[in-house]
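# Observations on chain architecture
Each chain, written out:
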Amino acid sequence: MDTAYAPSPRGSRVPVGLRAPFSGRTWREFLYLFLSLPLAVLMFVYAITVISLGAGLLVTFLGIPVLAGGMAGSRALGGLERARARTLLGLKVADPEPVRAAKPGLLGWVGAVLKSGVSWRHLIYSLLHFPWAIFSFVFSVTFWSIGWMLLSYPLWRWTFPAYLDQPGALMWDDGNGHGVYLDAPTEIGFTSGFGLLLVLAGPWVIHGLTQVDRVMVHGLLGPSSLATRVSQLESDRGVVVDTAAADLRRIERDLHDGAQARLVALAMDLGLAREKLAEDPQAAARMVDEAHGEVKIALQELRDLARGIHPAILTDRGLDPALSALSARCTVPVTVTVDLDHRPAAAIEGIAYFTASELIQNVSKHAQATSATLDVWRTADRLMVLVADNGRGGAHTDSGTGLAGLAERLEAVDGLLIVDSPIGGPTCVTAELPWRG
């Protein structure tokens, strides 16, 4: 939350409008605008010099390397601007991708710099920011200074009769020694009141000016939207790979420790029963009966394992019957409501099922609830899954928790997990997935 213009803290009787002119954010933003002019002049002169020198030397072989070196310098100045915006405006803009040459050597580096859209955007920023920096500097300094000067007029009005031999500030003069001065109590009060209005409006004027700087820094000095999307997809791909590997390890572990071990024991029991068949038929019959029970248990474990991979009821009948069957196995009564006119894509349907499955398991294991609800519906192009319970609350997505892993899986498919779980409950967990029907 923005601390400068946030609501008054509990117990504070000073309205936010009166606190804003003295807030740290207002003065940091004013300092940003104040420093913009000298830095903009430096960057503008540098950009013009680079362009002129590079263009002038294009007739020789030096033009292109000089232009590339100048653009590399623009990237360095852009880093200074990002640091200034981060410190004074609280604007967090990631550094763009560094220049990566396709071929080693100077020529490869020169070609990479000139082909980089980031380099050209830094140069364009140096040109476009200059006129805006002049305007924002002049306007903010003038507006802010006049406001404080008029507000404090009653404190320094005495300097006019003491040193200038006039009763107050001169507002109008006809050139013949006749003028209007701010010396009457009413005029002094009106002047100070008008200054107060300017001072109170100043923080919002300054903030509005810095919004333009925020847009320019974010749009021209940060990574491109395509590069950001590529980075996000690479991160999501890593999450998907890790999740698939973890699922494979879980399936292997379940097979090795469960059904496989039971089937090995079953084979041994049947071998012993065959040896005892001639000597003690009754003991062999008992061993066969025990083996028959082991077969049933092994089959049930295999069914549970297959259901954990992808339940057949989900493939055949969709989310409504699959989630109803899932909720029936929960130790807490769950009311299921599915409002879908048709089925989403199979991959999204599977993710929605396993998301609901994990959330229902959390209710069963950790919530200490007496009832829960599971709602699934479609809104626009999103599939929504909501699990709510009346348990003890306290669920969160901090690192290392099951919900944190679930949130990462959803992010890998452009999904979102929202947890509302105050201490004492109730808990509402909403999963949002793309429809992709």
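The preceding data block contains the structure.
Quick summary incoming for the structure in this document. (Residues numbered from 1 in each chain as written. Predicted model: local features only at pLDDT ≥ 70, side-chain atom pairs only at ≥ 80, totals over all residues. Heavy atoms only, no water.)

With that settled, the discussion passes to the overall build of the chain. Scanning the chain for helices and strands turns up 14 helices and seven strands. Burial analysis of the chain (437 residues in total) assigns 35% to the buried set. Here the contacts in the chain between residues at least 6 apart in sequence split such that 68% fall between residues at least 24 apart. Entry remark: accessible area of the chain is about 25,000 Å², with carbon and sulfur atoms responsible for 64%. (Helix = DSSP H or I, 4+ residues; strand = E, 2+ residues; numbered from the N terminus. Buried < 20%, exposed > 50% of the residue type's maximum accessible area, 1.4 Å probe, protein only. Contact = heavy atoms within 4.5 Å. Areas by Shrake-Rupley, 256 points an atom, 1.4 Å probe, with all protein chains shown as cover.)

Here five strands make up an open sheet; going across it, the order is β3-β4-β5-β7-β6 and the pairing mixed. In this open sheet, the two edge strands, each paired with only one partner strand, are β3 (334–339) and β6 (416–420). Mean inter-strand twist for the sheet, computed between neighbouring axes without regard to direction, equals 10°. Bridge analysis of strand β5 (residues 382–389) against strand β7 (residues 427–434) gives eight bridges, and the strand direction is antiparallel. Bridge pairing in β7 links Val-385 to Ala-431. Against the sheet, helix α12 (residues 319–328) makes contact with β3, β4 (372–379) and β5, and its axis sits at roughly 175° relative to β3, the strand it touches most. (Pairing = 2+ DSSP bridges. Axes fitted to C-alpha atoms, helices over the stretch in contact; angles between N-to-C directions.)

The next point concerns a nonpolar patch on the surface. A grouping of Leu-31, Phe-34 and Leu-35 is seen on the molecular surface, where their side chains present a nonpolar patch of about 230 Å² in accessible area. The topology assignment puts Leu-31 in helix α2 (residues 24–56). (Patch = residues over 30% accessible without salt bridge, like charges linked within 9 Å, V, L, I, M, F, W, Y side chains within 5 Å. Salt bridge = Lys/Arg side-chain N within 4 Å of Asp/Glu carboxyl O.)

Right, let's get into the pairing of β3. Strand direction decides the pairing type here: β3 and β4, joined by six bridges, are parallel. Residue pairing in the sheet places Val-334 in a bridge with Ala-372 of β4. In this view, the connection linking β3 to its parallel neighbour β4 by way of helix α13 (residues 346–367) has left-handed handedness. (Right-handed = clockwise from strand over helix to strand, strands pointing away.)

This brings us to the pattern of salt bridges. This model, assessed by the stated rule, comprises five salt bridges. Connected through salt bridges with shared partners, the residues Arg-25, Glu-29 and Arg-214 form a single ionic network.

Right, let's talk about the environment of Phe-160 for a bit. With respect to the helices and strands, the residue Phe-160 is situated in helix α7 (residues 159–164). Take Phe-160: its relative accessible area is 10%, and that puts it in the buried class. With 23 residues separating them in the primary sequence, Phe-160 and Asp-183 have C-alpha atoms 9.8 Å apart. If we skip the residues at most four places from it in the chain, Phe-160 touches Tyr-153, Asp-165, Gln-166, Pro-167, Gly-168 and Ala-169.

It is worth spelling out unusual backbone geometry at this point. Non-glycine residue Ala-380 carries a positive phi angle of around 55°. Along the chain, Ala-380 falls in the loop between β4 and β5.

Looking now at the environment of Gly-393. Relative to the elements of secondary structure, Gly-393 occurs in the loop between β5 and α14 (402–411). Residues Gly-393 and Thr-427, spaced 34 residues apart in sequence, show a C-alpha to C-alpha distance of 5.4 Å. Sequence-distant contacts of Gly-393, that is, excluding residues within four places in its chain, are made with Ser-421, Pro-422, Gly-424, Gly-425 and Thr-427.

Time to look at helix α3 (residues 63–88). Over its 26 residues, α3 extends 37 Å from the first C-alpha to the last, a length consistent with the 38 Å expected when each residue adds 1.5 Å. Two residues or fewer after α3 comes Gly-90, characterised by a positive phi angle close to 70°. (Expected span 1.5 Å × (residues − 1).)

Read these as spatial facts, not as claims about activity.
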